[in-house]
Amino acid sequence: MSETESSAADAVSTSAYSSPAKSLGDPGITPLSPSHIVKDSDADVAVEQLFLVVVAIDFGTTSSGYAYSFTKEPECIHVMRRWEGGDPGVSTQKTPTTILLTPERKFHSFGYAARDFYHDLDPNESKHWLYFEKFKMKLHTTGNLTMETDLTAANGKKVKALEIFAYALQFFKEQALKELSDQAGSDFENSEVRWVITVPAIWKQPAKQFMRQAAYKAGMATPENPEQLIIALEPEAASIYCRKLRLHQMIDLSSRAPVNGYSPSDTTGTGFTQAKEHVRRNRQSRTFLVENVIGEIWSELEEGDRYIVVDSGGGTVDMTVHQIRLPEGHLKELYKATGGPYGSLGVDYEFEKLLCKIFGEDFIEQFKIKRPAAWVDLMIAFESRKRAAAPDRTNPLNITLPFSFIDYYKKFRGHSVEHALRKSNVDFVKWSSQGMLRMSPDAMNALFKPTIDQIVQHLSDVFDKPEVTSVKFLFLVGGFAESPLLQQAVQSAFGSRCRVIIPQDVGLTILKGAVLFGLDPAVIKVRRSPLTYGVGVLNRFVEGKHPPEKLLIKDGTRWCTDVFDKFISADQSVALGETVTRSYTPAKPSQLVIVINIYSSEQENVSFITESGVKKCGTLRLDLTGTDASVPNRREIKTLMQFGDTEIKAIAIDVATSKSVKVGIDFLNY
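Model, not experiment: these values are computed from the prediction. (Residues numbered from 1 in each chain as written. Predicted model: local features only at pLDDT ≥ 70, side-chain atom pairs only at ≥ 80, totals over all residues. Heavy atoms only, no water.)

**Student:** Any chance you could explain the overall build of the protein here in plain terms?
**Tutor:** Looking only at helices and strands, one finds 17 helices and 32 strands in the protein. Considering only residue pairs separated by 6 or more positions, the protein has 70% of its internal contacts joining residues 24 or more positions apart. Just so you have it, the protein exposes about 28300 Å², and 51% of that area is on carbon and sulfur atoms. (Helix = DSSP H or I, 4+ residues; strand = E, 2+ residues; numbered from the N terminus. Contact = heavy atoms within 4.5 Å. Areas by Shrake-Rupley, 256 points an atom, 1.4 Å probe, with all protein chains shown as cover.)

**Student:** I'm lost on the pairing of strand β16 (residues 330-340) in this one. Help?
**Tutor:** Among the eleven residues in β16, eight count as buried, and that is most of the element. When strand β15 (residues 317-325) meets β16, the two strands line up antiparallel, connected through eight bridges. Note that in β16 the partner of R325 across the bridge is H330. Linking β15 back to β16 in an antiparallel pair, the connection comprises four residues, with G329 at a positive phi of about 80°. (Buried < 20%, exposed > 50% of the residue type's maximum accessible area, 1.4 Å probe, protein only. Pairing = 2+ DSSP bridges.)

**Student:** Please clarify how the sheet that holds strand β17 (residues 397-400) should be interpreted in this entry.
**Tutor:** In any sheet, the strands associate via hydrogen bonds between backbone groups, in a parallel or an antiparallel arrangement. With antiparallel pairing, the three strands of this open sheet are ordered in space as β17-β19-β18. Of all the strands in the sheet, just β17 and β18 (429-432) have a single pairing partner and so form its edges. Neighbour to neighbour, the strand axes of the sheet diverge by 30° on average, direction disregarded. Where β18 and strand β19 (residues 436-439) come together, four bridges link them in antiparallel fashion. The residue of β19 that forms the bridge with K430 is R438. (Axes fitted to C-alpha atoms, helices over the stretch in contact; angles between N-to-C directions.)

**Student:** Would you mind showing me how to read the pattern of salt bridges here?
**Tutor:** When charged atoms on two side chains of opposite charge get close, those side chains can pair. Enumeration over the complete set of coordinates arrives at 28 salt bridges. For the salt bridge of E352 with K368, the shortest nitrogen-to-oxygen distance reads 2.7 Å. Pair noted here: E352 is in helix α10 (residues 345-359) and K368 is in helix α11 (residues 361-370), with a separation of 16 residues, a long-range link. Since its relative accessible area comes to 18%, E352 is described here as buried. (Salt bridge = Lys/Arg side-chain N within 4 Å of Asp/Glu carboxyl O.)

**Student:** Hey, could you run me through the environment of F70 in this one?
**Tutor:** Tracing the chain through its elements places F70 in strand β2 (residues 63-70). It is 8.9 Å that separates the C-alpha atoms of F70 and L519, two residues lying 449 residues apart in sequence. Aside from chain neighbours lying at most four places away, what touches F70 is L52, V53, H78, L180, Q183 and F188.

**Student:** Even after reading the chapter, I still don't get the side chain of T102, so can you show me in this structure?
**Tutor:** Tracing the sequence through the fold places T102 in the loop between β5 (98-101) and β6 (107-110). Not counting residues up to four positions away in its chain, the partners in contact with T102 are H108, W129 and L130.

**Student:** Help me out: how do you make sense of the packing of helix α3 (residues 112-120) against helix α12 (residues 372-386) in this one?
**Tutor:** Packed helices, taken two at a time, are described by the angle their axes make and the gap between the axes. Contact pair α3 / α12: the axes reach a minimum separation of 8 Å and the direction vectors enclose 130°. Our classification of the angle between α3 and α12 gives oblique. Judged by the twist between their axes, the crossing of α3 over α12 is left-handed. In this structure, α3 uses R115, Y118 and H119 to contact α12, whose residues at the interface are P372, A373, V376, D377 and I380. (Parallel < 35°, antiparallel > 145°, perpendicular 65-115°, else oblique. Left-handed = near helix turned anticlockwise from the far one by under 90°.)

Keep in mind these numbers describe shape, not what the thing actually does.
This is how it looks when you write it as structure tokens:
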């Protein structure tokens, strides 16, 4: 135990008996960020005015993109320029989340450019290049994420995850600034941009903090100016956008007919003023108009109505339950965000299992290492056929096998791919003489089934929660929501309970919602804490109440150790701007740093930090250097923590001098 830690453990919480935050302060307070000195709720107003534009980056597992809106024209959302490259049968409003580094580990390219360049390399050369795809899931699946966590490239080499994420964000930063500069006719400064990065709502604090660190490394914002970057939660962003939907901008699966005679070529609404006519009305238009009025869908909603947003992407599916508060249309979260790794990658994984079954796991493993570019090709071919899968499809789906697959298999096994297919007892996959795997529609649907079953099961569990009764709408959003198989499964399972609605161009819903969130981060007024958070403190020992093994006698006083001082409970409602206040005193007057360990648990009721399920998850660090040392011997540092925002934040004040104390809350490096 280090010196600072042992003394921190002695820091006595002077408010060990106070109840965890019950509506401290008016929920309407503008959220304070760590660098603010607390004066009044106008502190943020000056900050807001500095940004000319909000740029949101939807950093997805399979595809990514950005969109922006000028703060003076918040009703116009511009989606990024068309990308070069693209695949047949896949819309290219976003670009694949793929990144290529040179053999010297320097950034080379991103998206289609990275993929195409990698694909065109000579196989002997490509072994030395570092190609990464679908790497975002690593942040979700790594239990003990740190700044040192590695990612593995297609050739098996490892690189620090932070570097890859920073390269990707830097790429988007440069693309967006270039597009803004071209539009403005002069150089656009980074300082004029408020950045928004989307993450799944089910991500834990370390993953959110990791994304923020990567953005700092990419030069989007700095630790001194954290407000320039906002982390947005994906289903929340979708929810904010869905609020604005007009009837012609969505498909109501309950009716299955085009709504209001909507025709696909008309993406902008009717009844716009002449001034808006400069926005081209064709399919290519990258500008979407969001009306300031609340969309028509809300004309059917009354105060207090509930709806659920299911964001189904490449890696994760997460869902949030919101309640509308009229007249402003503010949102309140009714049940903590839930979900899991049930994204469309699950379908790719099933396809890989099928290939292993036919050709042998040993071969597939070798092929991926020896011919990484051809493996990427094969998965691209599968992707476009995956998108063609539908419940009523009758004709087979053909997947082209790369020549090097057929060639390498013959060398590896000594017989042909055709022979392997005949020999394997997978009867619904056949070989066609044009060098393709021919899958029956049933075979393709079977690849979707495990993932879709998990989504439907998870949704059923959520629908059974008492907080989730009488939901009016279910919005299905995210890239995977484009799948007719998923649409049908959700509609048949839940269509009798609520109306299932899919926004048009569903893959861009989160991106557009994230821009709206950046323009008005206070739109979500109440959230639910995903976990119980607290710290370990010493309390006066009470006979009969506290277990004897927790007794510690110090200077004649009897203390109970390891008491869990709860800040907030799992699934507790917490308003934006609401703070949890605690006071801490340094154990010795000379102590300049107080380090307090933060613990979390999925259980609501926790008494001691030693209980099972309670994990140390971060630290709160109070830096007392530079504050006036001539203060009274017993200093009191008041700490205010906020759990109502998308990230946990803290500020601290030295009570004797009313000066703010430097405070850091860290979930990555503790």
